[in-house]
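# Structural overview for review
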Amino acid sequence: MTATSHLDNALASLTGENPLEACLDALFGWLRAGEPERVGERLEALMQALDDDPERARILAEGILGRFSELEIYPSLVRLGILSREGLFSEMSTRLYDRLNPPPVDLDDSSDLLASLITRHDKPWLEALPAHGWLRLGRVLLAALDDDTRRRVRVHLQEECLYALEMLAIWVAAEELDPELMRIDERLTRIDSPFIALQREVHAFVEFRDTAAGETRRDDYPAIDHLWVMLEQCNDQVARFRRRGAGSLGSSVNASYLIERLEDTLKRIERLILLTSPQPRIACTRSGLALWRELLLATAEKGSLRAVWKKSTRMMSRSITQNKSDHGERYISRDMRSYLGLLGTAAGAGVIIAVMALIKITIESWGLSPLPQALLVSLNYGLGFVLVHLLHFTIATKQPAMTAASFAAEVERNRRGRSVSRKLGRLLLDVNRSQWAAVWGNVCAALATALVITSAAMAVSGSALLASDQIAYQLRAISPVQSLALLYAAIAGVWLFCSGIIAGFFDNRADHIQLGRRLMGHPALQRLSPARRQRLAHYLHENYGALAGNFLFGVLLGMTGYLGHLLGLPLDIRHVAFSSANLGYASFSDFQGVGLFLIGLLFVMMIGFVNLWVSFSLALMVALRSRACRIEPGVLLAGVWEEIRREPLRLFLPAVLSGRKSGQGEARQ
């Protein structure tokens, strides 16, 4: 169908009960009819049709803009694109219910009118349509109106914008003493509130612009500069909320939601001030176009649960990944001392994991029903991982979820720098080398421990530690040819990623509820001396996330097989450290040659590779999204290759061993 026929449909519907709805429906129908990338061409065709027939343009302009003065515009200005005041979960439940049972539509309400015309499927063409296209269409329609109609439209738009502006300023002032904001920034009780000051300035501005003189005069509002200063101070305060909430103070869903709403409201206030103040025409036009585009896109996402969840939890996600980043720095070795220290702590963890693997084999030999066996295995894993943490040892596969957040932090810090690719390439090499150092520390210690235990058992009992069927099962379990070992390794990688998120969540929770201060005043701990209570409170506060993440990681590993049993699916996990211990017990119970042992070791390394890179990729993706930044794979790989060419040893050993001063200096950066 041509643009002219769509226009004819709109003109024919002007005799209906709501010509505005009919005209907008025809306009949007023409723009959405085709590929989103060609929406600009369709708009050009429509404007050409209007230019060729001025009478059509006049009738369409009166059908849209002529009825504009009868429409309530302020509901769109205070609702669309701004999170509601009901809170996240109430907002999500409302959106879900409205999907199942749509609310009645009031076509005199601009937000309802737009919602009846635009769906979530319109978002691609709305994003593809350039702003200047809307500008040209608006000019064509305005030019087709008579002077009285244009004046009526302008006056009505200003009245609605001023009403919405004052309403939004009152909302901002009402958030001043919210408990979440006062927790994040205790200064609010001691400083003059920029939010209340902004509301006063907006009220004075609205009174000035709402008078007859204010509508006709073109001289500036006397205190417009002070109004902009107050708005800037409010934005600075919101930025402070965001920094502190995403940092050491922790965040919550409610706090993140509230700060997002404050930020959106201040942006809308800025747009409305530009629209209603005697600003230069260019600034006013840009603000109007940006606002119109925001309203249309917000309408397209009006019923989206994903959009409101993603937007309102951004700060809490940032806080969680920031906590992981802070803890992840200790997993990256940049010099020989930290490298050897990482090997030593990984070896300590390997000893404990070898014992845990033997306990798991013993539990499975008892012949228990699936649920008791899964619970015991989960406790074995969870308590063992907690013990590893308490002894300050390092489990190799716990690194990716932590180091990915550090990598994302470096991306964010350097995304505008000139040496981004080199710095990120250097960091990626440091992360990769550190992870594989920890893997070899775990694997070698686990194999050595398995050898010692197996030899001791054979010396005491005179028989092999494992029976022949157990040996066959353990060797088959790590083989990617005879089993789904690599798929199970990927499942373990997903749980490793989840454990990092869990640890970050509980660290954020500890900051949010001020766990250390709570424990200091807890009645059950008052019998301890103040010094011991202080140490205990500080330790639990700093390690709350690590303890919870390690224990729940063990539960996830232990319950995977039981979940597969319930679902009738072949679900299991393969973890590089446990697989190496199992390889040791099986091989040393009945040694079948160096060749078979090396093949088994290769399979273990393959499991480790999948463990590491699945968890690292997922964690890096989430960390980058939480910081609203991205990396270019080609640029990153070029930086990695450049660093490898300059210092090949850096793949395996810290740069200080290369003997190059430049490498030494860069390693300390």
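Scroll up for the structure.
Residues numbered from 1 in each chain as written. Predicted model: local features only at pLDDT ≥ 70, side-chain atom pairs only at ≥ 80, totals over all residues. Heavy atoms only, no water.

## Brief notes about the packing of helix H3 (residues 39-52) against helix H9 (residues 131-143)
- Packing of H3 against H9 brings their axes to within 11 Å, and their N-to-C directions diverge by 15°. Accordingly, the angle class assigned to the pair H3 and H9 is roughly parallel. Here the hand of the crossing between H3 and H9 comes out left-handed. Taken together, the residues of H9 that come into contact with H3 (itself represented by Leu 43, Glu 44, Met 47, Leu 50 and Asp 51) are Gly 133, Trp 134, Arg 136, Leu 137, Val 140 and Leu 141. (Axes fitted to C-alpha atoms, helices over the stretch in contact; angles between N-to-C directions. Helix = DSSP H or I, 4+ residues; strand = E, 2+ residues; numbered from the N terminus. Parallel < 35°, antiparallel > 145°, perpendicular 65-115°, else oblique. Left-handed = near helix turned anticlockwise from the far one by under 90°. Contact = heavy atoms within 4.5 Å.)

## Regarding the nonpolar core
- Judged by nonpolar contacts, the single largest core of 73 residues is most densely connected at Phe 28, Leu 31, Ile 64, Trp 134, Leu 198 and Ile 269.
- Top contributing element to this core by residue count: helix H15 (residues 253-276), with 8 residues.
- Excluding residues within four positions of it along the chain, Phe 28 makes contact with Leu 117, Ile 118, Trp 125, Trp 134 and Leu 296.
- Formed by 30 residues, the second largest nonpolar core is a distinct cluster that contains Ala 349, Ile 361, Ala 577 and Phe 578. (Core = buried A, V, L, I, M, F, W, Y, C linked by side-chain atoms within 4.5 Å. Buried < 20%, exposed > 50% of the residue type's maximum accessible area, 1.4 Å probe, protein only.)

## Overview of the pattern of salt bridges
- For the coordinates displayed, the defined rule picks out 12 salt bridges.
- Residue Arg 58 pairs with Glu 55 through a salt bridge whose shortest N-O separation is 2.5 Å. Highlighted residues: Arg 58 and Glu 55, both in helix H4 (residues 54-64), separated by 3 residues, approximately one helical turn.
- The salt bridge partner of Arg 271 is Glu 294, with a shortest N-O separation of 2.7 Å. Here Arg 271, found in helix H15, pairs with Glu 294, found in helix H16 (residues 281-300); they are 23 residues apart in sequence, far enough to count as distant.
- Residue classification places Arg 271 among the partly exposed residues on the basis of a relative accessible area of 25%.
- Here Glu 294 falls in the partly exposed class, since its relative accessible area comes to 27%.
- Bridged by salt links that share partners, the residues Arg 268, Arg 271 and Glu 294 form one connected network. (Salt bridge = Lys/Arg side-chain N within 4 Å of Asp/Glu carboxyl O.)

## A word on the side chain of His 156
- Topologically, His 156 is positioned in helix H10 (residues 147-174).
- On the accessibility criterion, His 156 (11% relative accessible area) is buried.
- A polar atom in the side chain of His 156 sits 2.7 Å from the backbone oxygen of Leu 71. (Polar contact = N/O pair within 3.5 Å; in protein donor to acceptor, adjacent residues only side chain to side chain.)

## Here's the deal with a nonpolar patch on the surface
- Residues Trp 366, Leu 368, Leu 376, Leu 379 and Leu 383 make up a contiguous nonpolar surface patch of about 470 Å² in total accessible area.
- Its place among the elements puts Leu 383 in helix H20 (residues 370-390). (Patch = residues over 30% accessible without salt bridge, like charges linked within 9 Å, V, L, I, M, F, W, Y side chains within 5 Å. Areas by Shrake-Rupley, 256 points an atom, 1.4 Å probe, with all protein chains shown as cover.)

## Considering a negative patch on the surface
- Taken together, the side chains of Glu 70, Glu 72, Asp 106 and Asp 108 define an acidic patch exposed on the protein surface.
- With respect to the helices and strands, the residue Glu 72 is situated in the loop between H4 and helix H5 (74-79). (Lys, Arg positive; Asp, Glu negative; His and termini not counted. Charge placed at Lys NZ, Arg CZ, Asp CG, Glu CD.)

## With respect to the packing of aromatic side chains
- Counted by the stated rule, this structure contains 14 aromatic pairs.
- Taking 6.4 Å as the distance between ring centres and 45° as the angle between the ring planes, the aromatic pair formed by Phe 591 and Phe 597 counts as tilted.
- For Phe 591, a relative accessible area of 44% gives the class partly exposed.
- Owing to a relative accessible area of 15%, Phe 597 belongs among the buried residues under this scheme.
- Both rings, one in Phe 609 and one in Trp 613, keep their centres 6.5 Å apart while their planes meet at 45°; by these two values the pair is tilted. A residue pair is termed a helical-turn pair when its members lie 3 or 4 positions apart in one helix, as Phe 609 and Trp 613 do in helix H28 (residues 594-626) at 4 residues. (Phe/Tyr/Trp six-rings, centres within 6.5 Å; stacked < 30°, edge-to-face > 60°.)

## Remarks on the packing of helix H24 (residues 485-513) against helix H26 (residues 530-567)
- Where H24 contacts H26, the two axes come as close as 7 Å, and the packing angle between them is 150°. The angle between H24 and H26 falls in the class roughly antiparallel. Here H24 runs over H26; the crossing is right-handed.
- Looking at the contact of H24 with H26 residue by residue, the class counts come to 16 nonpolar, 5 polar and 4 charged. (Nonpolar A, V, L, I, M, F, W, Y, C, P; charged D, E, K, R; others polar.)

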